[in-house]
Amino acid sequence: MSWQKSLLNPLLRLIEKRQMANAKGPSSLRRAFEFKAKIMFHAPRGTEMEWFDLGGTAALRIGGEGLDAEKMILYCHGGGHVFGSPKTHSAMVAQLAKRVGCEAILPVYPLSPENVFPASLNTLRAAYDDLLAQGYRSSQVIIGGDSAGGNLVLALLAQLLQEAVDLPAGVFAFSPLTDLTFSGASFQVNADADVILPADRAAEMMDYYLDGADPALPLASPLFADFTGAPSVWLTVGDTEILLDDTRRLVANMSKQGVDVQMHIERDLPHVWPIFHNVLPEARMTLDGLAEWINRRVGWADER
């Protein structure tokens, strides 16, 4: 365990988990996260960012010298479906893009409770379709996300499979939320150990998002989706997270369905720890490992 992790976890428990537990509503979470991300998270030097329209929504493009514009990571940020933005996650995605050697795009998607299921999924689907309409081959696109963003990219993959349309080259997710019924044992077992997510606020956030929809719908809870025929999938989660079983059970299901899926369970790391890449060695190691998987397992390195 790095000394940075030994300091970070208690700070997150003291500050982040307490704020998540006591927040009056989504607006306060949004303001706080935007402010902290601007101060704490930094993209590599030379990173270029620009806003443009993608599929009818604003999207943040990450580029820079040496990044291949013909390959693209389409990334969906997390935030419980109620907060977060491309700005809060752009530094982490830029770090990954630099390691992979490609560009990346983070679309803005509608948050809850102002917008409800499946509005955000529809927005992500429109962004993906627009990339292909612009001339990208599906083999040039990888989709990824974290937490609720991981929920959305896995739901998108399930939808693409269901409709038998062009599939991305690969899919990855950090600490994905896959089960909105919250039936995994880790949701209770790790309730105290998780240093960021307060288990007793999860149902409230999902009520904002679902607005009465069935949480067991496969496009709401990808745990219950059929991924037969999916491209390679890479997932990671911490062993003290309440969402641990969201990943473990999904991987078990995918394996039974014949999917080439990798799971990385890390010891005592916080929810979506790669976002702490500026201070946490384990975060940089995870980004290194994911970039290696993209370039080798998916095969992008062979196309350079």
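Shown above is the structure to which this text applies.
What you are looking at is a predicted structure, and each value in this text was computed from that prediction instead of being measured.

About the criteria used
- Residues numbered from 1 in each chain as written.
- Predicted model: local features only at pLDDT ≥ 70, side-chain atom pairs only at ≥ 80, totals over all residues.
- Heavy atoms only, no water.
- Helix = DSSP H or I, 4+ residues; strand = E, 2+ residues; numbered from the N terminus.
- Rg over C-alpha atoms; globule rule 2.2 N^0.38 Å.
- Buried < 20%, exposed > 50% of the residue type's maximum accessible area, 1.4 Å probe, protein only.
- Contact = heavy atoms within 4.5 Å.
- Areas by Shrake-Rupley, 256 points an atom, 1.4 Å probe, with all protein chains shown as cover.
- Lys, Arg positive; Asp, Glu negative; His and termini not counted.
- Charge placed at Lys NZ, Arg CZ, Asp CG, Glu CD.
- Salt bridge = Lys/Arg side-chain N within 4 Å of Asp/Glu carboxyl O.
- Pairing = 2+ DSSP bridges.
- Right-handed = clockwise from strand over helix to strand, strands pointing away.
- Core = buried A, V, L, I, M, F, W, Y, C linked by side-chain atoms within 4.5 Å.
- Disulfide = S-S within 2.5 Å.

S.K.: Please explain the overall build of the protein as it appears in this structure.
M.R.: Regarding its fold elements, the protein presents 9 helices and 8 strands. In summary, the protein has a C-alpha radius of gyration of 18 Å against a globular reference of 19 Å for 304 residues, a match within 12%. Taking the principal axes of its C-alpha atoms as reference, the protein extends roughly 45 × 40 × 35 Å. When each of the 304 residues of the protein is scored for burial, the buried share is 58%. Of all intrachain contacts in the protein linking residues separated by at least 6 positions in sequence, the fraction that spans at least 24 positions is 79%. Taken as a whole, the protein presents about 12300 Å² of accessible surface, with 53% of it coming from carbon and sulfur. With 26 positive and 36 negative side-chain charges, the protein shows a spacing of 7 Å between the two charge centroids.

S.K.: Would you take a moment to explain the pattern of salt bridges for this structure?
M.R.: Should the charged atoms of two oppositely charged side chains come close, the side chains can pair. Inspection of every chain in the model, using the stated rule, returns 13 salt bridges. Note that Arg125 and Asp129 form a salt bridge whose closest N and O atoms lie 3.1 Å from each other. In this pair, Arg125 and Asp129 are both assigned in helix α4 (residues 119–133), 4 residues apart and thus about one turn of the helix distant. Each of Glu50, Arg61 and Glu103 takes part in salt bridges that share partners, so that together they form one network.

S.K.: How do you make sense of the pairing of strand β7 (residues 232–238) when you look at a structure like this?
M.R.: On a regular strand, one side chain projects to one face of the sheet and the next to the other, so that they alternate. Of all 7 residues making up β7, 7 are buried, and the element is well covered by its neighbours. Across the two faces of β7 the burial is the same, with Ser232, Trp234, Thr236 and Gly238 and Val233, Leu235 and Val237 all buried. The pairing of β7 with strand β8 (residues 261–266) spans 6 bridges and is classified as parallel. Counted as the bridge partner of Trp234 is Gln262 from β8. You can see the chain leave β7, run along helix α8 (residues 244–256) and come back into β8, and the turn it takes is right-handed.

S.K.: Explain the pairing of strand β5 (residues 141–146) here, please?
M.R.: Of all 6 residues that make up β5, 6 are buried, and the element is covered over most of its length. Burial along β5 is two-sided: the residues Val141, Ile143 and Gly145 and Ile142, Gly144 and Asp146 are all buried. Sheet topology places strand β3 (residues 68–76) next to β5; 5 bridges connect them, and they run parallel. The residue bridging Tyr75 from the neighbouring strand is Gly144, located in β5. Here 5 bridges tie β5 to strand β6 (residues 170–174), and the two strands are oriented parallel to one another. When the sheet's bridge partners are listed, Ile143 is paired in β6 with Val171. Since β5 and β6 lie parallel, the crossover through helix α5 (residues 148–163) that links them has a hand, and here it is right-handed.

S.K.: Before we go on, may I ask you to explain unusual backbone geometry in this structure?
M.R.: With the exception of glycine, most residues fall at negative phi, and the peptide bonds are largely trans. With an omega dihedral of 10°, the bond running from Ser112 to Pro113 counts as a cis peptide bond. Here Pro113 shows up in the loop between β4 (102–107) and α4. Residue Ala164 is not a glycine yet carries a positive backbone phi of 55°. Residue placement: Ala164 occurs in the loop between α5 and β6. Note on Ala164: relative accessible area 70%, which makes it exposed.

S.K.: How should I be thinking about the nonpolar core in this particular structure?
M.R.: Membership of the largest hydrophobic core comes to 97 residues, with the highest contact counts inside it found for Leu74, Phe172, Phe174 and Phe227. By residue number, the principal contributor to this core is α5, which donates 9 residues. Non-local contacts of Phe174, meaning those with residues more than four positions away in its chain, are made with Tyr75, Met92, Gly145, Asp146, Ser147, Trp234, Thr236, Val272, Pro274, Thr286, Leu287 and Leu290.

S.K.: Teacher, can you tell me more about the state of the cysteines here?
M.R.: Where two cysteines share a covalent bond between their sulfur atoms, that bond is called a disulfide. Summed over all chains, the structure comprises 0 disulfides. Residue Cys76 stays outside any disulfide, its sulfur separated by 17 Å from that of Cys102, the closest cysteine. For Cys102, a relative accessible area of 1% translates into the label buried.

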